[in-house]
Amino acid sequence: MASEVPVLRSPEAALEAARAYAAEIAPGAAERDRAGTVPRDELTALDATGLLGITVPAQDGGPGLGPPVLADVVRTIAAADPAIAQTPQAHWMFVDVLAVWDTPDQRRRLFGDVLAGARIGNALAERGGLHAQDLRTRLLPGPVLEGRKYYCTGALTSRWIAVSALDEADRLRLAFVPRDAPGVTVGEDWDVMGQRATVSGTTTFEQVAVDPELVLDYQHAFAVPQQLGARAQLVHAAIEAGIARGALDDAASYLRERARPSSEAVRAGAGAAIEDPHVLHGYGRLSARVAAAEALLAQAAATLAEIGLVPADEQAAARGSLAVAAAKAFAGEVAVEVSSDLFRLCGTSATASRHDLDRHWRNARTHSVHDPMDWKHHHIAAYELGGVLPPNHGQL
C-alpha cells in the first residue's frame, strides 16, 4: 500500500490533491446525506490521496506541512462534503500528539502506517457522565481496555483507534489499538440531523489487549503549554468555513439556474432573480461574511504556524488558542447564517427535498454545537480586557 499512496511534499501538491478529491465527492454529497450510510468508497479514496500524511514531520519521512495548508485542505473538502471532511479531524490531532509525545519507535511504527494511508479514528468522549470527558473507560493491568465510547468519528473505517482511558492511578492515558483488534466493536448508531456520514456512534472495548509500547501519558500532554487543542480546533473552524462556502456556492447556482424573481421584483423591473436588488444585497452581504470567515481562518492558521507545535510559554499558547477561538466562533455563526438565509434568497422552491439544500443548515447547526461558542467569546474578552489566560495552559 505504501507505494500507492503519494507523499504530498509541497503546499501546492496538497491543495491540488484536496481540490481533485473534493471535485470527485461533491456530486454525491446530497445522496450520501439522504442515505445516512457509511461512505466507505469515498473514505477509501481519501486514504489513498496522501492527505492523511501532510502533517507528519519531515524527520519522520513526512512533508511536515503546517496549519495553513491543513486548514485550506480541510476547508476545500468541507465545501464539498463537511461530513467527510470531519471524519479525519481527530486523525490529524493524533498525528500532532505523536509528533510531540511519542517515542522514536512509536513514531516509526504509527507514522509509517499513516504515510501508507492508514487513518486514526477517535474514541475519546463518553455518555452518561457529568460531561463528555468524565471518563469511565479503564486501562487495566495487562494492559487491557474496558469501556464504552461515543462520538467516535472515523473509528468505523479507520486502521487505528486512539482511546482515552484512566489507569489504576486515575491518570489519563491514550492507547492506540487496531480497529480490528479482538474485543473492539464499532457501531453504526449515529442518528442525528446533520453530519450524518461521519457515523460518530458507539465503540465498545471488552478486554482489548493493548501493546504497552503504544500507550501515552495523555494527561501530561495537556498539563503543559501546547497547541494540540488549538490545532484540533483549527480543523473544526475550517469545516465551518467550508460549510459556509458550500452553502453560498449552492445558493449562487440556484439563483442563476433555477430561481424566479418574485412578483414584487418583477414590478420593480427585475427580469431574473439575480436582478432583484434585495437578492443582490443579501447575497453580497453573505459573500462578504464568508470571505471574512475564510480570512480569519487563514489568520489563525498563520498564528499557529508562527508559534509552532510546542509554544514557548503560556502566553504564546494563549495567543494561538484565542486566534483559533475567534475563527471557530465566527465561522460557526456564518455557516448557520448562510445556510439559513439561502432559502430567503432563493425562495420557496429551494425548499423542495429533491434539492437537499437543507443539508447545509443541518450540517452547520450540528457541527457548530460541537463546543460552546459563547465560552470562546468569553475567553477572548477575558484575555483582552483583563489578561486572563484561557484554561488548560492556554488552550480552549
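As a starting point, this report considers the structure included with it. In this convention, every chain numbers its residues from 1, walking through the sequence in written order. Given that this is a predicted model, residues contribute local features only at a pLDDT of at least 70 and side-chain atom pairs are listed and counted only at 80 or more, while totals for whole chains, interfaces and linings are drawn from all residues. Side-chain figures throughout are based on the complete set of non-hydrogen atoms in the structure, without hydrogens or water.

### Things to note about the nonpolar core
Okay, so step 1: Residues belong to one nonpolar core when they are buried, are Ala, Val, Leu, Ile, Met, Phe, Trp, Tyr or Cys, and are joined through side-chain atoms within 4.5 Å. A simple rule labels every residue: compare its accessible area, found with a 1.4 Å probe on the protein chains alone, to the largest value its type can have, and call it buried under 20%, exposed over 50%, or partly exposed in between. Judged by nonpolar contacts, the single largest core of 61 residues is most densely connected at A14, L51, I54, V73, V74, I77 and L234.
Okay, so step 2: Each helix is a run of H or I in the DSSP string that is no shorter than four residues. Each strand is a run of E no shorter than two, and both are numbered from the N terminus. The set of elements that each furnish at least two residues to this core consists of α1 (11-25), α3 (40-47), α4 (67-80), α5 (82-86), α9 (228-257), α11 (277-307) and α12 (314-346).
Okay, so step 3: Element by element, the count of residues in this core is highest for α9, at 14 residues.
Okay, so step 4: Contacts were defined at the residue level, with two residues in contact if any of their heavy atoms lie within 4.5 Å. Other than its neighbours up to four places away in sequence, I54 contacts L8, A14, P63, G64, L65, V69, L70, V73 and W92.
Okay, so step 5: Counting residues in hydrophobic clusters, the runner-up holds 26 residues, among them A99, A118, A221 and L309.

### Let's talk about the packing of α9 against helix α13 (residues 358-368)
Packed helices, taken two at a time, are described by the angle their axes make and the gap between the axes.
Okay, so step 1: Contact geometry for α9 and α13: axes closest at 10 Å, N-to-C directions at 165°. Between α9 and α13, the interaxial angle falls into the category roughly antiparallel. Crossing angle aside, the handedness with which α9 passes α13 is left-handed. Along its contact with α9, which presents H236, I239, E240, I243, G246, A247 and D250, the element α13 presents R359, H360, N363, A364, H367 and S368.
Okay, so step 2: Three classes are used: nonpolar for Ala, Val, Leu, Ile, Met, Phe, Trp, Tyr, Cys and Pro, charged for Asp, Glu, Lys and Arg, and polar for all others, with Gly counted as polar. Of the residues in the contact of α9 with α13, the class split is four nonpolar, six polar and three charged. Note on geometry: axes are C-alpha line fits, over the in-contact stretch for helices, and angles between N-to-C directions span 0 to 180 degrees. By the definition adopted for this analysis, an angle is roughly parallel if under 35 degrees, roughly antiparallel if over 145, roughly perpendicular if from 65 to 115, and oblique otherwise. Crossings are sorted by hand: turned counterclockwise from the far helix by less than a right angle, the near helix makes the crossing left-handed, and turned clockwise it makes it right-handed.

### Here's the deal with α9
Count 3.6 residues to each turn of an α-helix, and residues three or four apart come out pointing the same way.
Okay, so step 1: Expected helix span is computed as 1.5 Å times (number of residues minus one). Given a rise of 1.5 Å per residue, 30 residues ought to cover 44 Å, and the 44 Å separating the end C-alpha atoms of α9 matches this to within 8%.
Okay, so step 2: Within α9, 24 of the 30 residues are buried, leaving the element largely enclosed by the surrounding structure.

### Examining the pattern of salt bridges
Okay, so step 1: Salt bridge, as applied in this entry: a Lys or Arg side-chain nitrogen positioned within 4 Å of an Asp or Glu carboxyl oxygen. Under the definition given, this model contains 28 salt bridges.
Okay, so step 2: Of the charged contacts in the structure, one is a salt bridge between D113 and R159, with a shortest N-O distance of 3.7 Å. Highlighted residues: D113 in helix α7 (residues 104-115) and R159 in the loop between β3 (144-149) and β4 (160-166), separated in sequence by 46 residues.
Okay, so step 3: Residue classification places D113 among the partly exposed residues on the basis of a relative accessible area of 22%.
Okay, so step 4: The exposure class of R159 is partly exposed, given its relative accessible area of 34%.
Okay, so step 5: One salt bridge in this structure joins R319 and E306, with 3.4 Å as the shortest N-O distance. Residue R319 is located in helix α12, and its partner E306 is located in helix α11; the two are separated by 13 residues in the primary sequence.
Okay, so step 6: Of the residues examined, R319 reaches a relative accessible area of 39% and is grouped as partly exposed.
Okay, so step 7: Each member of the salt-bridge network shares a partner with another, and the members are D33, D356, D358 and R362.

### A look at α7
Okay, so step 1: Given a rise of 1.5 Å per residue, twelve residues ought to cover 16 Å, and the 16 Å separating the end C-alpha atoms of α7 matches this to within 8%.
Okay, so step 2: Taken together, the buried positions of α7 are occupied by Q106, R107, L110, F111, V114 and L115. Each buried residue of α7 sits inside an arc of 135° when the element is viewed along its axis, so together they form one side.
Okay, so step 3: Packed against the buried residues of α7 are α6 (89-101), β1 (120-123), β4, β5 (172-178) and β8 (215-216).
Okay, so step 4: Following α7 by one or two positions, G117 adopts a phi angle in the positive range, close to 105°. The directions from the helix axis to the C-beta atoms form the arc being described.

### Focus on the environment of S353
Okay, so step 1: Here S353 lies in the loop between α12 and α13.
Okay, so step 2: For S353, a relative accessible area of 59% puts it in the exposed group.
Okay, so step 3: Through-space distance from the C-alpha of S353 to that of R34 is 9.6 Å; in sequence the pair is 319 residues apart.

### A few points about the pairing of β3
Okay, so step 1: A pair of strands is treated as paired once DSSP finds two or more bridges between them. The pairing of strand β2 (residues 138-140) with β3 spans three bridges and is antiparallel. Bridge pairing in β3 links L139 to L145.
Okay, so step 2: Following β2, the chain reverses through three residues before pairing antiparallel with β3; G142 in that reversal takes a positive phi of roughly 145°.

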